[in-house]
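# Structural overview for review
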Amino acid sequence: MKKKKTPKKEKMPEFAFKEFTPEEDRVYAEAVTRFREAVGAGKTLRQAFESYTVADKELEKFIQADFLKIMIAERHFSGKDPLDKIAKDLGVPADLVKDTYGRMLQEVGVSAASQFGKEFGDLNPHAPKTSD
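Here we summarise the structure given alongside this text. Here the structure is a predicted model, which is why all the values come from computation and not from measurement.

The subject of this paragraph is the pattern of salt bridges. The full count for this structure, using the stated rule, is 8 salt bridges. We note a salt bridge from E60 to K57, for which the minimum N-O separation is 3.2 Å. Of the two residues, E60 and K57 both sit in helix 3 (residues 57–78), 3 residues apart, roughly one turn of that helix. On the accessibility criterion, K57 (46% relative accessible area) is partly exposed. Among the salt bridges present, the one from R75 reaches D81, with a minimum N-O distance of 3.1 Å. Assigned by exposure class, R75 and D81 land together as buried. One connected set of salt bridges, linked through shared partners, spans R75, D81, K85 and D89.

This is how it looks when you write it as structure tokens:
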């Protein structure tokens, strides 16, 4: 009789949340404010990003990705706008908004699991381990 291979338990992905220096924090706040103003004036996401450049290109990429998450959180979770409408309004592909939304949910899940582990640890160390 062949032994059934049990799938390896997949580890949850690690997310490292960026710690900003005071200068990076200032740049982040300024960029988000400028992007928000541009989008509020009817500009596309690309136009908003082009309206304010950040000298540190790595930080700029991070801020731009974060800004899309902010727009999704405000408009989808708070405002109940469908993801397709958000994409259309921002002038970006719907797949980009949907993929970003999926990453956001994954990040929230990982953060919640991590926080739960910190607060409660392994509640039942004698329970059999499951793969779900």
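Structure's up, so let's keep going.
Non-glycine residue K80 carries a positive phi angle of around 65°. Among the secondary structure elements, K80 is positioned in the loop between helix 3 and helix 4 (83–90). On the basis of relative accessible area, K80 is assigned to the exposed category, the value being 64%.

Let's shift gears to helix 3. Between its first and last C-alpha atoms helix 3 spans 30 Å; for 22 residues at 1.5 Å apiece the expected length is 32 Å, and the two agree. Those residues of helix 3 lying buried are L59, E60, I63, Q64, D66, F67, L68, K69, M71, I72, R75 and H76. Where helix 3 is buried, its residues meet helix 1 (22–40), helix 2 (45–50), helix 4 and helix 5 (94–120). The N-cap of helix 3, judged by a side-chain oxygen 3.0 Å from the amide nitrogen of E58 a few residues on, is D56. Looking at the residues trailing helix 3, positive phi occurs at K80, about 65°.

Procedures and definitions
- Residues numbered from 1 in each chain as written.
- Predicted model: local features only at pLDDT ≥ 70, side-chain atom pairs only at ≥ 80, totals over all residues.
- Heavy atoms only, no water.
- Salt bridge = Lys/Arg side-chain N within 4 Å of Asp/Glu carboxyl O.
- Helix = DSSP H or I, 4+ residues; strand = E, 2+ residues; numbered from the N terminus.
- Buried < 20%, exposed > 50% of the residue type's maximum accessible area, 1.4 Å probe, protein only.
- Expected span 1.5 Å × (residues − 1).
- Contact = heavy atoms within 4.5 Å.
- Polar contact = N/O pair within 3.5 Å; in protein donor to acceptor, adjacent residues only side chain to side chain.

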